[in-house]
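# Summary of the model geometry
What follows is the residue order along each chain.
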Amino acid sequence: QKEVEQDPGPLSVPEGAIVSLNCTYSNSAFQYFMWYRQYSRKGPELLMYTYSSGNKEDGRFTAQVDKSSKYISLFIRDSQPSDSATYLCAMSWVNSGGSNYKLTFGKGTLLTVNP
Amino acid sequence: EAQVTQNPRYLITVTGKKLTVTCSQNMNHEYMSWYRQDPGLGLRQIYYSMNVEVTDKGDVPEGYKVSRKEKRNFPLILESPSPNQTSLYFCASSLTGIWDEQFFGPGTRLTVL
């Protein structure tokens with residue numbers, strides 16, 4: 001079982017739809033959870049970041065973490081054509097020595113929002 | 001402008017011909033890393049560096065070398081490239097570590113024939 005699983009899609013929705021993107025993970029030590037957005041032919045850019053269970057909201061975006069189920073989600077409300085991109089979840093952890101510098105990404109979900 | 005730059009952006013080479021992809025950041029970041037992105041496999045970490053002269057392996061380090069002699073630069077070296085290293089490569093940097101926002105470069109598309 002891979003450490004981080006993410007449905008690659010593709011996902012196609014009409015403008016204004018609510019989008020739900022999800023990742024599951026197997027490493028219970030993960031404590032930092034991020035969502036990156038990657039436009040075509042560009043490098044990823046950070047969208048949301050959380051390190052605790054629960055919800056975090058930023059405008060039309062909500063990140064949700066459920067550590068008990070090892071499941072994270074990104075919700076996009078009122079989706080726009082400009083949201084069309086690949087969304088990557090990423091996660092990491094700090095070991096008992098206080099150092100771990102690996103970041104593990106999901107494979108990414110390609111989202112298209114149609115006008 | 002705060003940024004991570006990579007050069008070259010596109011490279012076609014032949015098997016066995018040593019090459020270096022440069023990465024530079026102007027944000028005084030301590031942490032830098034290299035990733036490769038392949039269809040169906042996503043982004044995978046090759047090497048990372050916590051600071052000058054401190055580097056460590058990521059998940060897919062075979063066939064790659066790195067060095068960190070200056071804080072701003074983190075070159076990726078392929079001593080003897082092979083076709084399975086054909087990929088899209090990204091350099092990233094962050095202030096102190098993986099818990100900070102990673103700033104990615106624009107990517108280098110490498111083809112090894």
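Calculation rules
- Residues numbered from 1 in each chain as written.
- Chains lettered and ligands numbered in written order.
- Predicted model: local features only at pLDDT ≥ 70, side-chain atom pairs only at ≥ 80, totals over all residues.
- Heavy atoms only, no water.
- Pairing = 2+ DSSP bridges.
- Helix = DSSP H or I, 4+ residues; strand = E, 2+ residues; numbered from the N terminus.
- Axes fitted to C-alpha atoms, helices over the stretch in contact; angles between N-to-C directions.
- Buried < 20%, exposed > 50% of the residue type's maximum accessible area, 1.4 Å probe, protein only.
- Polar contact = N/O pair within 3.5 Å; in protein donor to acceptor, adjacent residues only side chain to side chain.
- Contact = heavy atoms within 4.5 Å.
- Buried area = accessible area lost by both parts, 1.4 Å probe.

## A few points about the sheet that holds strand β6 (residues 54-58) of chain A
Residues and elements named next belong to chain A.
- Strand order in this open sheet of five strands is β1-β3-β8-β7-β6, and the pairing throughout is antiparallel. Edge positions in the open sheet fall to β1 (4-6) and β6, since each of these has one partner strand only. Put simply, the sheet's adjacent strands are angled 15° from each other on average, direction ignored.
- Pairing between β6 and strand β7 (residues 61-66): five bridges, direction antiparallel. Within β7, the residue paired with E57 across the bridge is T62.

## Concerning the side chain of S24(B)
Residue and element names in this part refer to chain B.
- Tracing the chain through its elements places S24 in strand β3 (residues 19-25).
- Of the residues examined, S24 reaches a relative accessible area of 15% and is grouped as buried.
- For S24, the side chain forms a polar contact with the side chain of N73, separated by 3.0 Å.
- In this view, S24 contacts Q3, V4, T5, R72 and N73; residues no more than four positions away in its chain are not counted.

## Examining the interface of chain B and chain A
- On the chain A side, the residues contacting the 24 residues of chain B number 21 residues.
- Taken over both partners, the interface formed by chain B and chain A buries close to 1,800 Å², and the fraction arising from carbon and sulfur atoms is 60%.
- Broken down residue by residue, the surface that chain B buries against chain A is led by L43(B), I98(B) and W99(B), which jointly contribute 35%.
- Linking chain B to chain A there are four residue pairs in polar contact (both at pLDDT 80 or more).

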